[in-house]
Amino acid sequence: MTPVGVYIHVPFCAAKCPYCDFYSEKYSSELVKSYKDAVIRRIMAYPYRTAVDTIYFGGGTPSLIPEKYIEEILNALYSHFSVKSLETTIEVNPKIVNYNKLSAYHNMGINRLSIGVQSCNDKELAFLGRKHSWKNSLETIENAARAGFENISCDLMIGLEGQTISSLRNSINTLVKLPIQHISSYMLKIEENTPFNCESIISRLPDEDAYADMYLFMVEHLNSNGFAQYEISNFARPGFESIHNNKYWQCKEYIGIGPSAHSYFNGKRYTSDINLEKFTSSENAGYIITDDNPGSYEERLMLGLRLKKGIKISDFPELDKKLQRLGKEMLKNELIEIKDDVLSLTAKGFLISNSIISSLI
Amino acid sequence: MSTENIRNFCIIAHIDHGKSTLADRILEKTYTVAERDMEEQLLDNMDIERERGITIKARAVHLNYKAMDGKEYVFNLIDTPGHVDFNYEVSRSLAACEGAILVVDASQGIEAQTLANTYLAIEHDLEVVPVINKIDLPSADPERVCEEIESVIGIPAMDAPKISAKAGINIEEVLEKIVTDVPAPNGDPEKPLKALIFDSYYDAYKGVIIYVRVKEGQVKVGDNIKLMATGAVFNVVEAGYMDANNHINTGSLSAGEVGYISASIKSIGDTRVGDTVTNADIPCDEALPGYRKVNPMVYSGIYPADGAKYGDLREALEKLQLNDASLSFEPETSIALGFGFRCGFLGLLHMEIIQERLEREYNLDLITTAPSVIYKVKLTNGETVFIDNPTNYPDPSILAEAEEPMVKAEVLAPSDYVGNIMELCQERRGTFKDMKYIDETRVTLHYELPLNEIVYDFFDALKSRTKGYASFDYEMLGYAPSKLVKLDVLLNGDIVDALSFIVHVDKAYSRARKLVEKLKENIPRQMFEIPIQAAVGGKIIARETVKAMRKDVLAKCYGGDITRKKKLLEKQKEGKKRMRQLGTVEVPQEAFMSVLKLDE
């Protein structure tokens, strides 16, 4: 059996960031304990000895909960599943983790960190409502390296108020000099049910053209600094592409545990209730199947074209016909590249990938 | 019943002056409808009518009234369409009556349709009974309005009932006026049958039901009747009258009476409004005067937004035509819009009503092309052709002379707006005829205008330039020579046939400019840059560009919500289906519709 990934959703935050629509609750030590127990119970409910090769703690703010709980969860995974982890990641927030905590993570077998840096500019961080400063991030990166981490990813956001190509260049130049191997870069997206979804915020954001210019600059600048783009929003030094995240884009299976976590396991996509109380109080209830026949043509195309390496045209029987109609114009406008049997998007194409993909499915 | 006690009348009014409400009250007061069954504006039973407050199809109701003189009377209330598009139908309804109640709003006074309808009634020798409505409004000034009626129309109005149809005030006065002022019908029941068709509709069980006014003779169940214009002969199955909801089959109708005939008539095309019904065995010598075949004045292409609904659209049009012989349609193909129909309408309102009914009652999503009038074009080979579709407009090299239909328009408005109205009519290539003061503050203006200038949005423009105070009416005048050109629209270099239209040469440039701007507003950014061009005879006279889209991306996509993201993309793909794919360009429905309203 092909090993699967495991995603643990840790739904606690010290404070909710005004742009974030991921599920989280306010931290309380009782809630956290019952949450941890529920996670372990749910792990145990999966088939014994399921082969696992990646583990990912995401959130929420996983670094907020006591590290011994993380360890207990890891132990449960190790004892119940057949784990040969190539990559075990935890998302951490600067300011919340100190050297000791990072060192503890490293000692329990976590070998990759994803640090929520977001920006190297304190004004931009303030706009995002982040509680940390660039100095906090810098310390965290240094501590992580000192604690022995050799696979560190940093989040970097673009499309912030006041952000310019020049401030972005500064952030990138600063980051690439540090001992990090991976950068995930997101365009700020205004989600519906967040405080950021209001005219006073939206009107302060860069316009479509400015966004696009920043993105194109970023791709170019990261590439020339040794961080090759391998997905729309992901860049890595050679050999440091995220194994866990690649599973999503390659339509591979993963088990998601935690309220609001999604899974693709045993041929089905399903999600668990977005409700911590339900999650902790019931055993297995609350799974909702969202797709009982994943891996469809559309899904594979949509996910595959997110990757820089693209897709094999011959794997998609109707693609040739669609490309005949629009391919020429797309090539002319440098939105796609076709090399032999491989179709991939350019950086310009990534920027309008929704339109391109929806015209090809 | 002796004809002495019959009163056949209609109600005429400007839109919103309260015609339908008064009809409702009359129905109530004569106990034709119990108050609790009363639906607002009962006579208008189509949703659209009720919403727009206009009556589209005439109907007739038989009412019993015991007057103050102690006698029983039969009232036949014939409801008339209130819009200029249906002028011919109005004239046939009037021809079925002896009297007309003229409803005038106590604060607004005389409006364009008040005049048009009154003149039409007087032309048909009807006794006009003025009624002042809405006296309960704070702005009501019934005395002034009475004076206005006397001075402008020239009929006595000082003893006109002053009523509020809405509040039910003084309705009895109106009923008594009908008894005393509207003449009883005359006509000899012994003469050969002569009955006027003033309306018809299709009943799924009985076939076409015709509404008639018997002028001479009588008609009984079992008689063979002949419809004189078409020559069709039918055997009468039912004859009688209508109360508010039902047909009452009395077995016969005789001179002076108004009622319905059912005779297993299959096609509404056989029963033309204005035609004369006679007895096939003992026919009358000549038909009643005034019949004419109605011809569409305005044409437009109607296409289903979703090409797969072509069959549904055809079916819906066929059903509408069962009840509306003035609607014509034939299949048409557009490169841009696919399969659809070229439809002919009596006028703009008729067109809007049909479109709205198709969308509402038949749940169709439509794309309509710019309305076109019928151009008369002489070719260099001496041939004359009529063009109702811009796509078929002949090449300038074989065109000798073009003519366009003209109308005589009457605009009534407060004198403050005369400047604005003149400016508008001037812009629309109008020729000023005359201007008269109705009273110190209001004027009526006459213009000759090309029909093609008013089919788009003239009425809207008029309303907006007169703060809604102006009223407007028009009648056809015939054809006049004109310098016309065909304006084509090119998207990404290809002509979009559905967007072509014919325009006067002097207006081609400004129209073209507005058109490309409108299209730019309504065509979303796409993967590629799209040039929008307008051309006359191959020469580009206006251009805009829709820039390429730059950002349309789901930045974050992890395990969390692949299903949701997939659905998002599928939705986006579905959205594309609502767009027309023209080469590499996707054109939303709204873009086709936006060009219909260039002056907004």
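Predicted, not measured: the structure shown is a model, and the values here were computed from it.

### Thoughts on the overall build of chain A
Stage number 1. Looking only at helices and strands, chain A features 14 helices and 17 strands.
Stage number 2. Considering chain A as a whole, with its 361 residues, one finds that 57% of them fall into the buried category.
Stage number 3. A fraction of 70% describes how many contacts in chain A between residues 6 or more apart in sequence connect residues 24 or more apart.
Stage number 4. Accessible surface for chain A amounts to roughly 14900 Å². Of this, 50% is attributable to carbon and sulfur atoms.

### Brief notes about the interface of chain A and chain B
Stage number 1. Every contact between the two is made by 44 residues of chain A and, on the other side, 31 residues of chain B.
Stage number 2. It is A:Glu208, A:Met302 and A:Asn354 that lose the most area in chain A upon contact with chain B, and together they represent 17% of the buried surface on that side.
Stage number 3. Between B:Arg550 and A:Asp213 there is a salt bridge, with its nearest N and O atoms 3.0 Å apart.
Stage number 4. Going through the elements one at a time, β8 (182–187), α8 (208–224), α9 (243–249), β14 (287–291), α11 (297–304), α12 (319–332), α13 (347–351) and α14 (353–360) of chain A are the ones with two or more residues in the side of chain A that touches chain B.
Stage number 5. Broken down by element, the residue count for the side of chain A that touches chain B peaks at 7 residues, all from α14(A).
Stage number 6. Across the side of chain A that touches chain B, the residue classes tally to 21 nonpolar, 13 polar and 10 charged.

### A few points about the pattern of salt bridges
Stage number 1. Tallying each qualifying case throughout the model produces 44 salt bridges over all chains.
Stage number 2. Salt-bridge contacts for A:Lys101 lead to A:Glu67; the nearest nitrogen and oxygen are separated by 3.9 Å. With a gap of 34 residues between them, A:Lys101 in helix α3 (residues 99–107) and A:Glu67 in helix α2 (residues 67–80) connect regions that are remote in the sequence.
Stage number 3. On the accessibility criterion, A:Lys101 (10% relative accessible area) is buried.
Stage number 4. As a salt-bridge pair, B:Glu404 and B:Arg429 come within 2.7 Å of each other at their nearest N and O atoms.

### Concerning the sheet that holds strand β7 (residues 207–216) of chain B
Residues and elements named next belong to chain B.
Stage number 1. In space, the 8 strands of this open sheet follow the order β10-β9-β15-β6-β7-β14-β11-β12, with antiparallel pairing throughout. Across the chains shown, the open sheet's two edge strands, defined by having one partner strand only, are β10 (233–235) and β12 (247–249). Across the sheet, the mean angle separating the axes of adjacent strands is 40 degrees when strand polarity is ignored.
Stage number 2. Here strand β6 (residues 194–203) runs beside strand β15 (residues 276–279); their pairing, made up of 2 bridges, is antiparallel. For Ala195, the partnering residue across the bridge sits in β15 and is Val277.

### Some details on the sheet that holds strand β2 (residues 60–66) of chain B
All names here are of chain B.
Stage number 1. An order of β2-β3-β1-β4-β5 is seen for the 5 strands of this open sheet, with the pairing classed as mixed. The open sheet is flanked by β2 and β5 (127–133), the only strands paired with a single partner. Between one strand and the next, the sheet's axes are offset by a mean angle of 30 degrees, whatever the strand orientation.
Stage number 2. Sheet topology places strand β4 (residues 99–105) next to β5; 7 bridges connect them, and they run parallel. Within β5, the position partnered with Asp105 by the bridge is Asn133.
Stage number 3. On the sheet, helix α4 (residues 112–123) packs against β1 (6–13), β4 and β5 and is oriented at approximately 150 degrees with respect to β1.

### So, the packing of helix α6 (residues 165–176) of chain A against α8(A)
All names here are of chain A.
Stage number 1. Where α6 meets α8, the axes come as close as 10 Å, and the angle between the chain directions of the two elements is 25 degrees. Taken as axis vectors, α6 and α8 run roughly parallel relative to one another. Handedness of the crossing formed by α6 with α8: right-handed. Of the residues in α8, those in contact with Ile165, Leu168, Arg169, Ile172, Asn173 and Val176 of α6 are Asp213, Met214, Phe217, Met218, His221 and Leu222.
Stage number 2. In the contact of α6 with α8, the residues fall into 8 nonpolar, 2 polar and 2 charged.

### Structural notes on the confidence of the model for chain B
Residue and element names in this part refer to chain B.
Stage number 1. Per-residue confidence for chain B averages 87 on the pLDDT scale, and 94% of its residues sit at or above 70.
Stage number 2. A low-confidence stretch, residues 50–58 (pLDDT under 50), is modelled with 41 contacts involving residues beyond four sequence positions or located in other chains.
Stage number 3. Reported confidence for the predicted complex is 0.88 by ipTM and 0.69 by pTM.

### Details of α4(B)
Residues and elements named next belong to chain B.
Stage number 1. Between the first and last C-alpha of α4 there are 17 Å, a value that for 12 residues agrees with the 16 Å anticipated at 1.5 Å per step.
Stage number 2. Within the sequence span of α4, burial applies to Ala112, Gln113, Thr114, Leu115, Asn117, Thr118, Leu120 and Ala121.
Stage number 3. Asp125 sits one or two positions beyond α4 and adopts a positive phi of about 60 degrees.

Parameters at a glance
- Residues numbered from 1 in each chain as written.
- Chains lettered and ligands numbered in written order.
- Predicted model: local features only at pLDDT ≥ 70, side-chain atom pairs only at ≥ 80, totals over all residues.
- Heavy atoms only, no water.
- Helix = DSSP H or I, 4+ residues; strand = E, 2+ residues; numbered from the N terminus.
- Buried < 20%, exposed > 50% of the residue type's maximum accessible area, 1.4 Å probe, protein only.
- Contact = heavy atoms within 4.5 Å.
- Areas by Shrake-Rupley, 256 points an atom, 1.4 Å probe, with all protein chains shown as cover.
- Buried area = accessible area lost by both parts, 1.4 Å probe.
- Salt bridge = Lys/Arg side-chain N within 4 Å of Asp/Glu carboxyl O.
- Nonpolar A, V, L, I, M, F, W, Y, C, P; charged D, E, K, R; others polar.
- Pairing = 2+ DSSP bridges.
- Axes fitted to C-alpha atoms, helices over the stretch in contact; angles between N-to-C directions.
- Parallel < 35°, antiparallel > 145°, perpendicular 65-115°, else oblique.
- Left-handed = near helix turned anticlockwise from the far one by under 90°.
- pLDDT = per-residue confidence, 0-100.
- Expected span 1.5 Å × (residues − 1).

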